[in-house]
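Here is what each chain is made of, one letter per residue.
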Amino acid sequence: SWPNKEQITANLPKAFKYFPKTRSIIDCTEFFIQKPSLPSSQRVTWSNYKHHNTLKALISISPTGSFTFISKLFTGSISDRRIVEESGYLEYLEHGDDIMADRGFLIRDLLARRSCTLNIPPYSMGRQLSSRAVTKTRRIASARIHVERAIGRLKTFKILQGTMPLRLHPLFDQVLGVCACICNLDSRLVK
């Protein structure tokens, strides 16, 4: 469930002391699926990143590591930006929220329309980063790693490992949601 700002502030872990307005840390993750028989389905589920047919979900965690949003599954070829636009995630954001993500999330304009900010590591543009930018990159990385840890926890469920048979496709959104809810019952990920 989506926590309110007071809940986030009251439980802000030390890893986020430099990012006190962080409401959500996002990333996308992919799940292998059986190769569809239709060439058009093969094409849209093909992930150049994973070199496999996949389904992809947008994941959001709170600073404490609890899952706060899991999108429905999209075909593996969808861009991170498009999944943010089409998943319904933006509807949860409120004025002043700070969203932490990886460099690949080119969504600053989408967040600005909702008076939110994007916190991603600085780009080097081929030059050496300043010491301030290096420090910021390190701080963001040490806070952002928790979304990867949460996804790792999610993927410990055997049903989410390996290659999903296409006959399970109609249930996969619900399976993913249930696994995330069970993870939220576990001990707090970020102290």
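Cut-offs and rules
Residues numbered from 1 in each chain as written. Predicted model: local features only at pLDDT ≥ 70, side-chain atom pairs only at ≥ 80, totals over all residues. Heavy atoms only, no water. 1 Å grid on protein atoms, 1.4 Å probe; cavity = no way out; pocket = protein on both sides within 12 Å on 5 of 7 lines; lining within 4 Å. Points joined across faces, edges and corners; volume = space filled by probe spheres on them. Helix = DSSP H or I, 4+ residues; strand = E, 2+ residues; numbered from the N terminus. Expected span 1.5 Å × (residues − 1). Contact = heavy atoms within 4.5 Å. Core = buried A, V, L, I, M, F, W, Y, C linked by side-chain atoms within 4.5 Å. Buried < 20%, exposed > 50% of the residue type's maximum accessible area, 1.4 Å probe, protein only. Pairing = 2+ DSSP bridges. Salt bridge = Lys/Arg side-chain N within 4 Å of Asp/Glu carboxyl O.

Peer 1: Give a detailed account of the layout of surface pockets, specifying residues and quantitative values.
Peer 2: Of the voids in this model, the largest pocket is the one considered here, and its volume is about 400 Å³. Asp 27, Cys 28, Glu 30, Tyr 49 and Lys 56 are the residues nearest the centre of the largest pocket, which is lined by 21 residues in total. For the lining of the largest pocket, the secondary-structure elements that each account for two or more residues are strand 1 (22-32), strand 2 (46-47) and helix 5 (131-154). No other element matches strand 1, which puts four residues into the lining of the largest pocket.

Peer 1: How would you explain helix 6 (residues 172-185) if you had to name every residue and give the values?
Peer 2: Residues lying three or four places apart along an α-helix face the same way, a consequence of the helix completing one turn every 3.6 residues. A rise of 1.5 Å per residue sets the reference length of helix 6, with its 14 residues, at 20 Å; its end C-alpha atoms lie 20 Å apart and thus fit the reference within 8%. Looking at the packing, one finds that the buried side of helix 6 touches strand 1, strand 3 (52-61), strand 4 (67-70) and helix 5.

Peer 1: Which residues make up the nonpolar core, and what values go with them?
Peer 2: Counting 28 residues, the largest nonpolar core has Phe 67, Leu 154 and Leu 160 as its most contacted members. Of all the secondary-structure elements, those providing two or more residues to this core are strand 1, strand 3, helix 5 and helix 6. Apart from residues lying up to four places away in sequence, Phe 67 is in contact with Ser 1, Ile 59, Ser 60, Ile 61, Ala 150, Ile 151, Leu 154, Ala 180, Cys 183 and Asn 184. The next biggest cluster of nonpolar side chains, apart from the first, holds 21 residues, and it includes Trp 2, Cys 28, Phe 74 and Phe 105.

Peer 1: Outline the pairing of strand 4, listing residues and values.
Peer 2: When strand 3 meets strand 4, the two strands line up antiparallel, connected through three bridges. Note that in strand 4 the partner of Ser 60 across the bridge is Phe 69.

Peer 1: Give a detailed account of the environment of Ile 107, specifying residues and quantitative values.
Peer 2: Its location among the elements puts Ile 107 in the loop between strand 6 (98-100) and helix 4 (108-112). With relative accessibility at 0%, the residue Ile 107 sits in the buried group. Along the primary structure Ile 107 and Gly 152 are separated by 45 residues, whereas in three dimensions their C-alpha atoms are 24 Å apart. Setting aside its immediate chain neighbours within four residues, Ile 107 contacts Ile 26, Arg 81, Val 84 and Leu 118.

Peer 1: Quick rundown of the pattern of salt bridges? Include the residues and the values.
Peer 2: Throughout the structure, instances matching the rule amount to 11 salt bridges. With its nearest N and O atoms 2.9 Å apart, the salt bridge here joins Arg 23 to Glu 94. Taken as a pair, Arg 23 in strand 1 and Glu 94 in the loop between helix 3 (80-86) and strand 6 lie far apart in primary sequence, 71 residues in all. Looking at Arg 23, the relative accessible area reads 3%, which means it is buried. For Glu 94, a relative accessible area of 38% gives the class partly exposed. Among the charged side chains, a network of salt bridges with common partners joins Lys 5, Arg 23, Glu 94 and Asp 97.

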